[in-house]
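Summary of structural features
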Amino acid sequence: MLARIIIGLGITVIFFSIAGRRFYWLSKLMRSGQPAPRRWQGFRKVSETEVVEVAGQKKLLKWTVPGLAHFFTMWGFTILMTTIIEAYGSLFSRRFHIPLIGRDNWLAFTEDFFATAVLVSLVVFTIIRIKNAPSRKERESRFYGSHLGAAWAVLFMIAMVIVTLLLYRGAQINTGYFPFENQYLHGAQSFGFLIGPTTHQLASFASPWAFASKIVASWLAPLGVGVNSVLEAVFLLLNISVIAGFLVFVSYSKHLHIFLAPINIGVSRRPRALGGLDKTPDMDMENVTEDTVFGAGKMEDFTWKQMLDFSTCTECGRCQSVCPAWTTGKPLSPKLLIMGLRDNMFASADRLLSGGSNADVATLVPTTIDPDVLWSCTTCGSCVEQCPVDIEHVDAIIDMRRYEVMMESRFPTEAALLLRNMENQGDPWGLGSSQRTKWLDALDFEVPIIDGPIPEDIEYLYWVGCAGSLDERGRKQAVSTARMLHRAGVSFGILGPRESCTGDPARRMGNEYLFQEMAKANISTLHEVGAKKIVASCPHCFNTMKNEYPDLGGDFEMIHHAQLLSHLVATGRLVPGVAYEGTVTYHDPCYLGRHNRVFDEPRNVLDAIPGVTTVEMGRCREKGFCCGAGGARMWMEETIGKRVNMDRTTEALGTGADIISTACPFCMIMLDDAVKANGRDEEVTVMDISQVVERSLQG
Ligand code: SF4
Ligand code: SF4
């Protein structure tokens, strides 16, 4: 007995000390990061998040089979904490049981059920890993680039935890020390019916609820009580050793997420790190000193939350499998990007912890992150949406772009023109403010151009956006939207030449200074005219004004035209016609759908048109696939891999629809280009939902 106490406690002290030291070191490393404001959302909100995402495994369960396997493994580990208590108790007394509940059948069943469920889940994980092995599927495998050896080692260790547990429980049954037995056995023994019972007799008296342990006991029973006593001690110590060893392994591997995920999820941006980018300091040049660093160029520029992100990645590859850049053959994988940053963080740990100089340290781009990786991102947010541990990839990518643009002046050459146009002409095309009212020529009614306080009889300010005002195809959307609003009796005006780009492309490109300048100018104009309710047609404008302008003092009631049209249709103010019968598929713009959760309204508008049949693409709503234009990619060359818009359009054409509808001028342009490139523009038309409604009215 003394020997097993000494061995068990000795192993525990050694392994727990190693793991404890590692966790302390990790916590110091994270705390060396920059401050991350607005991370504590209050006890209630954090608790709700933990219940839904960690306990409920909401995100993981979106992928049913691996989600269920993970659910049972996670809960198995949690529930089986009781067996750890029992194991340590058994070190000291073979008759140990947890006080009050330690002999209850429900506990026996729960423990055996979860032990079995974990084993089954491990088989599922093994099959998934073999089926998706990168050696078979290469880049298509979500495990491509993950640390495969460590993953297999973890599966093996978890299996060993359960196997040793069941073996020592089986041996316990055969020696008469199983906590869940023996109401009958003790009765039989006390009445003298059983003297020196055999293993078979002892096993038959064990609680039937401990079904898995009993099966193992039946396998060990032929060995006799003496051997089972030895096995009980050996497997008990092995179980404790594997658990303690697992703790050490976890602290040095990607399985850190077991401990870090609940923390990372608790301090993530809520409801998700999509929509607006995180708040940045005011870029007013008065605040800038020679030590000021814009964005993240070296590891010390990241916040503690970002460092926590890097450490929490499970290498599951869910983000990689949905990334439009990766799936079309670009070098950007959000998983590999996070893993690369994690490797850099650990390699930089000594410097970060000692506060040493980074003057001679190479910048993250291009040494850790290749420029083609950085600039391939469309900021579509699919990675953030899918990540089960709430890693905020887009924020990290934009931070690195900020450093590249503002500190190093390094960015794709074509983007220079975009920035210059925005700076000088207030729009990405450089056409200038005088062109912003041209689209009005197509209307047969007057639209007030607001140049002073908005008159009381005008309900909405229509924010047309650069594409709606200046691009030929974007103008069609603006014209139809205006016509439908007019038809429904909605009073609206526009800023015309006083409207300017919201700054979204500059911000997504990393030019935070230009974004803030443009945003502040727009906010000032909007305050000057007294704008309150603004309807925007472009999801990028909508997103920026709704989610990012408030940080700069611009708080307006924002609505996207899809939402307004849906409301008008629902209230009977806009009645679609019957002139069009056909099949329509709807493409979710990333910044309307995933970033701002406007999924139903555009569909409601289409469904309200008599005669229209709607058909969904496989990747729709939260899983909608990008058109390739976001993140200022619209103005950059796409020279690597397949074009993102071609990939999406192939999917849309596959539905057999004769209209591909959307609610974003950028998406319209990208999809229209791809339909034409496919030679299908005779049969298939790309339209905004407002155009589809308008077509239904044309007799
Ligand atoms: S935001 Fe989209 S394009 Fe960028 S890394 Fe994530 S999934 Fe890929
Ligand atoms: S970033 Fe998130 S989704 Fe991507 S591999 Fe890591 S844990 Fe998985």
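Residues numbered from 1 in each chain as written. Chains lettered and ligands numbered in written order. Predicted model: local features only at pLDDT ≥ 70, side-chain atom pairs only at ≥ 80, totals over all residues. Heavy atoms only, no water.

Before going further, it helps to examine the domain arrangement of the protein chain. When cut into domains, the protein chain gives domain 1 (2-10 + 61-252), domain 2 (293-410), domain 3 (424-568) and domain 4 (574-697). The C-alpha centroid of domain 3 is placed 33 Å from the C-alpha centroid of domain 2. In this complex, domain 2 contributes seven residues to the contact, which on the side of domain 3 involves seven residues. A combined buried area of about 590 Å² lies between domain 2 and domain 3, and 60% of that area is made up of carbon and sulfur atoms. (Domains from an automatic or database assignment. Contact = heavy atoms within 4.5 Å. Buried area = accessible area lost by both parts, 1.4 Å probe.)

Below, the discussion takes up the site of ligand 1. Close contacts around ligand 1 come from 13 residues, with Cys 323, Cys 377, Cys 380, Gly 381 and Cys 383 the closest. For the shell around ligand 1, the secondary structure elements donating two or more residues are α20 (382-386) and α21 (393-407). Residues of the shell around ligand 1, tallied by class, amount to nine nonpolar, four polar and no charged. (Near = heavy atom within 4 Å. Helix = DSSP H or I, 4+ residues; strand = E, 2+ residues; numbered from the N terminus. Nonpolar A, V, L, I, M, F, W, Y, C, P; charged D, E, K, R; others polar.)

Reported here for the largest pocket is a volume of approximately 1,100 Å³. Together, 46 residues line the largest pocket, and His 70, Thr 73, His 255, His 257 and Ile 258 are the ones closest to its centre. Looking at the lining of the largest pocket, the elements that each hand over two or more residues are α2 (43-55), α3 (64-79), α4 (81-92), α5 (105-131), α7 (148-175), α11 (224-251) and α12 (257-266). A total of seven residues in the lining of the largest pocket trace back to one element, the largest contributor, which is α7. For the lining of the largest pocket, the per-class residue count stands at 31 nonpolar, nine polar and six charged. Of the pockets and cavities examined, the second largest pocket occupies roughly 690 Å³. Lining of the second largest pocket is provided by 30 residues; of these, Thr 280, Pro 281, Asp 301, Thr 303 and Asp 399 occupy positions nearest its centre. Elements represented by at least two residues in the lining of the second largest pocket include exactly α13 (304-312) and α21. Here the lining of the second largest pocket takes five residues from α21, the largest share from any one element. (1 Å grid on protein atoms, 1.4 Å probe; cavity = no way out; pocket = protein on both sides within 12 Å on 5 of 7 lines; lining within 4 Å. Points joined across faces, edges and corners; volume = space filled by probe spheres on them.)

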